[in-house]
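Each chain, letter by letter, is given below.
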Amino acid sequence: MKRVLTILSLTLAALTLSAQTVSFDKGRFQKGDDPAWSAPGFDDSAWREVTFDQSWETLVDYANGYGWYRIHVVIPSSLKKGKVEAIMLDLGAIDDSDQTWLNGHPVGKDGTFPEEPGGYSSEWGRRRHYVVDPSWVKWDKDNVIAVRVYNYGDPGGFYRGAAQVSKPSLKDFAKLTLEAGEGGYKAVLATSVKTSGSLHITVTDILTGKVESDKTQKVTVPSWKEKPYFCALAPQKRLKVTYTDPRFEEVLEAEVCAPYILTPPAPATPRYNGPLVFGVRPGSPVIFRLAFSGDKPMKYAVEGLPEGVVLDPDKGVLSGSCAQEGDYPLVFTATNDKGSASAQFTLKVGTQIGLTPPMGWNSWNCWALSVSQEKVMSSAAALINKGLADYGYSYMNIDDAWEAEYRTPDGRIEANEKFPDMKALGDYLHSNGLKFGIYSSPGDHTCGGFLGSLDHEQQDAEVWNSWGVDYLKYDWCGYSKVYDASKDHSTAACIRPYLKMQQYLREQPRDIFYSLCQYGWDKVWEWGSYIDANSWRTSHDIVDTWESLYVTGFVRQPDLYPYAGPGHWNDPDMLIVGKVGWSSSLRDSRLTPDEQYTHISLWSLLAANMLIGCDISQIDDFTFNLLCNNEVNAVNQDVLGKQARRDVDEGGIQIWSRPLADGGTAVGIFNLNETSVPVRLSEALGQIGLEAETVRDLWRQTDIPTEETYMILPHGVRYVKVKP
Ligand code: GLA
């Protein structure tokens, strides 16, 4: 808003104008970076013409780094009519960070560039929407919109269709935001037109729905000013602020929740929270940690262990191996000074691994390229000490940036100086019943520009085996070069590099969970299981914004339910709760508390890989509550392995349901609207053919009546289980 305030001049009487629009869907593109390219007079006639419906990789064979677009557009003077002296430039979403000029004047910037303090950060999902000073427009003549883009990871640039220039409405000039502060929030009304109206502030208790404070105050803000109003907000409360100026077409609204904890604390007595089944191939090492919450120390016992598999009774860690195929029913028991608990479990020694979706951690969403052995160790230690391992989280996966710059003369891959001893890291993880994951690319380089496995597949698989690797994320990235050069773009060509690595992984004397990462291209879900992959990414990289969560979860996943099952899962990408940042400096997830409940509920329904993306050593109570709800996780890990389907999508309410092994059904009712929506539970269930007097509220872990109306908060969820 500040940016808009400094560049705009307008008068108030513009309200009556009807919107008019000029759309454009192509421009000129040049890779590289040169400040001279923002100048309107620069000769771009030699630049390549590109359309806005495909990423720059597809159009110009260019991956990571800087690229510029120059768009020539005639802006008709009809947009000038009336008295609002401003135009609106809407460029849609751009991948990843960018800066825009109109005829040489800076109009906006989203995300940050690598050379800036704090480094690169992506804003790929956000709509680029700028109010622009009309004195910069050349009416009825050629105007140049220059856009400098930095892309990291596929895909890059403009690829979401047409952009436009239009006449704004008054509401575009005033903005109501809530900024977090000490003990509450600052409601900021910023406006570039003088406005008089009323500000309405309500505080509601999230759990009881009771309105605790309801105030209205008259407000006048002169043009170009912003006024802050402090609103106290205690934990478990929701704040809603609306602003009404009778001359505006719409009411401005902003709503926020203080983080609120729904998961009841675990009892002090032992309770089993882990998966009920584990698959291992005959002779492969068994690495499994019994996931019991409750006061420590604990003593563990297991009945029915096959020959060769042993238990560490103090740590609750199974190791060894079993030569004989078969289903081994086991009984796990844990005892502490408060009591004892047992759980029935099946160890399946056979051909399939990954019988439930992998749960664990991956370094990318927090540390990205700054990951180090020390950081992995600190998250691994926290996984155990803070109790997340007691909920079944067990994979510790290093993403990109562990690779040394060069291979040894005999072609062996090595870790860089940030990882002094990979074997020791693997041993430490295994001795605690945790599993070790690594990352590579079928290309000659990874997305982060590190060494890939091209032409060294067998050697790399052997090196990973020597370190004790249990999981490989294999990321397409640099393979585009090989794929494009071959001119063969068939499905067989997409499969080839993945099949090749699978062959070498299978030759190793240990089980390596095989996770494909190629962003959902070529309908990977249709062929992933045929090459014995254990999961495949179904979408582009997720970031911690609602737009990204919405596109990844609610747009890309609904049709994929037939393809998931024990041993092979759809992977909508890693979790974006807790402290993330894709750099060495981390921040709290930008998702609201309700968006975070939605995220975890949806991933639970989707039988998605549950890979925590934050620094576990800094995990707070709210994030722990999200990740360690045993009933929510039990749905994710359900042994039937069926992924939820979306049954209803109406008026911003979506209902997803997932059949469970015990005959019950998990149901998520999501509110994708910007305001709260009352939902009568019996009616919502009736819409998908279910009936019940009470259902289990999975987050609250309590039975609730269905003949009641529940408020579902903006971008929030009611997540229930209809019992068998
Ligand atoms: C791609 C992947 C990400 C991450 C990075 C690493 O963008 O999709 O998940 O692995 O590469 O460079």
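This structure is a prediction, so every number in the text was calculated from the model and none was measured.

Engineer: What's the story with the site of the ligand in this structure? I'm lost.
Structural biologist: Taken together, 14 residues surround the ligand, and among them Asp-399, Asp-400, Lys-473, Asp-475 and Asp-541 come closest. Within the side chain of Lys-473, an N or O atom sits 2.8 Å from an oxygen atom of the ligand. Out of a free accessible area of 310 Å², the ligand has 100% covered by protein chains. Of the residues that constitute the shell around the ligand, the class distribution is seven nonpolar, one polar and six charged.

Engineer: What is the right way to read the side chain of Asp-460 from this model?
Structural biologist: For Asp-460, the location among the structural elements is in helix α6 (residues 457-467). The class of Asp-460 is buried, set by a relative accessible area of 0%. If near-sequence neighbours (up to four positions away) are discounted, Asp-460 is found in contact with Arg-407, Ile-413, Gly-452 and Ser-453.

Engineer: In this structure, what is going on with the state of the cysteines? I would like to understand it.
Structural biologist: Here, disulfide denotes a covalent bond that connects the sulfur atoms of two cysteines. By the definition in use, this model includes one disulfide. Residue pairing for Cys-447: its cysteine sulfur links by disulfide to Cys-477, the two sulfurs lying 1.4 Å apart. Residues Cys-447 and Cys-477 are joined by a disulfide whose S-S torsion is about 80°; by sign, that bridge is right-handed. Note that Cys-447 is positioned in the loop between β30 (435-440) and α6 and Cys-477 in the loop between β31 (471-475) and α7 (480-486), a separation of 30 residues in sequence. Across the pair, exposure class does not vary: Cys-447 and Cys-477 are buried alike. Not engaged in a disulfide, the cysteine Cys-231 finds its nearest cysteine sulfur in Cys-257; these two sulfurs lie 14 Å apart. What makes Cys-231 buried here is its relative accessible area of 4%. Take Cys-628: it sits in no disulfide, and the sulfur closest to it among the cysteines is that of Cys-614, at 10 Å. Classification of Cys-628 as buried rests on a relative accessible area of 3%.

Engineer: I'm lost on the sheet that holds strand β16 (residues 225-232) in this one. Help?
Structural biologist: Adjacent strands of a sheet pair through backbone hydrogen bonds, lying either parallel or antiparallel. One open sheet holds the three strands; their spatial order is β12-β13-β16, and the pairing between them is antiparallel. Both edges of this open sheet fall to β12 (174-181) and β16, since each of them pairs with a single strand only. Averaged over all pairs of adjacent strands, the angle between their axes in this sheet comes to 20°, without regard to strand direction.

Engineer: For this particular structure, what's the right way to read the domain arrangement of the chain?
Structural biologist: Put simply, an interface is often sized by how much accessible area is lost when its parts join up. Segmenting the chain into domains produces domain 1 (14-166), domain 2 (170-257), domain 3 (271-349), domain 4 (361-517 + 576-632) and domain 5 (646-722). A separation of 32 Å is found between the C-alpha centroids of domain 1 and domain 2.

Engineer: What is the right way to look at the packing of aromatic side chains in this model?
Structural biologist: Centre-to-centre distance and the angle between the planes together describe a pair of aromatic rings. Considering all chains together, one arrives at 43 aromatic pairs under this definition. Centroid distance Tyr-550 to Phe-554: 6.2 Å. Interplanar angle 25°. Geometry classified as stacked. Taken together, the positions of Tyr-550 and Phe-554, both in helix α10 (residues 546-555) and four residues apart, correspond to about one turn of that helix. Taking relative accessible area as the criterion, Tyr-550 reaches 32% and is therefore assigned partly exposed. Given the relative accessible area of 2%, Phe-554 is considered buried. A connected cluster of aromatic rings, assembled from ring pairs, spans Tyr-474, Trp-476, Tyr-479, Tyr-483, Tyr-498, Tyr-514, Tyr-519 and Trp-521.

Engineer: Looking at this model, I keep getting lost on helix α8 (residues 491-506). Mind explaining?
Structural biologist: Along an α-helix, residues three or four apart share an orientation, since each turn contains 3.6 residues. Counted at 1.5 Å a residue, the expected span for α8 with its 16 residues is 22 Å, and the 22 Å between its end C-alpha atoms agrees. Those residues of α8 that sit buried are Ala-493, Cys-494, Ile-495, Pro-497, Tyr-498, Met-501, Gln-502, Tyr-504 and Leu-505. Tucked into the core, α8 has its buried residues touching α6, β31, α7, β32 (513-517) and α9 (524-527).

Engineer: Help me understand unusual backbone geometry in this model?
Structural biologist: Leave glycine aside and you will find that most residues have negative phi; peptide bonds, for their part, are mostly trans. Of note, the bond from Asp-95 into Asp-96 is cis; its omega dihedral lies within 30 degrees of zero at 10°. With respect to the element layout, Asp-96 can be found in the loop between β5 (87-95) and β6 (97-102).

Engineer: Honestly, the pairing of strand β20 (residues 277-280) in this entry has me stumped. Any pointers?
Structural biologist: For a regular strand, side-chain orientation follows a simple rule: the groups alternate between the two sheet faces. Neither face of β20 is exposed, since Val-277 and Gly-279 on one face and Phe-278 and Val-280 on the opposite face are all buried. In this sheet, strand β27 (residues 339-349) lies alongside β20 in parallel orientation, the contact comprising four bridges. Bridging from a neighbouring strand, Phe-278 pairs with Leu-347 of β27.

Engineer: Please clarify how α10 should be interpreted in this entry.
Structural biologist: Regarding α10, the residues found buried are Trp-546, Ser-548, Leu-549, Thr-552, Gly-553 and Phe-554. Buried residues along α10 sit against α11 (593-605), β38 (645-650), β39 (653-659) and β40 (665-671).

Scoring rules and cut-offs
Residues numbered from 1 in each chain as written. Predicted model: local features only at pLDDT ≥ 70, side-chain atom pairs only at ≥ 80, totals over all residues. Heavy atoms only, no water. Near = heavy atom within 4 Å. Polar contact = N/O pair within 3.5 Å; in protein donor to acceptor, adjacent residues only side chain to side chain. Areas by Shrake-Rupley, 256 points an atom, 1.4 Å probe, with all protein chains shown as cover. Nonpolar A, V, L, I, M, F, W, Y, C, P; charged D, E, K, R; others polar. Helix = DSSP H or I, 4+ residues; strand = E, 2+ residues; numbered from the N terminus. Buried < 20%, exposed > 50% of the residue type's maximum accessible area, 1.4 Å probe, protein only. Contact = heavy atoms within 4.5 Å. Disulfide = S-S within 2.5 Å. Pairing = 2+ DSSP bridges. Axes fitted to C-alpha atoms, helices over the stretch in contact; angles between N-to-C directions. Domains from an automatic or database assignment. Phe/Tyr/Trp six-rings, centres within 6.5 Å; stacked < 30°, edge-to-face > 60°. Expected span 1.5 Å × (residues − 1).

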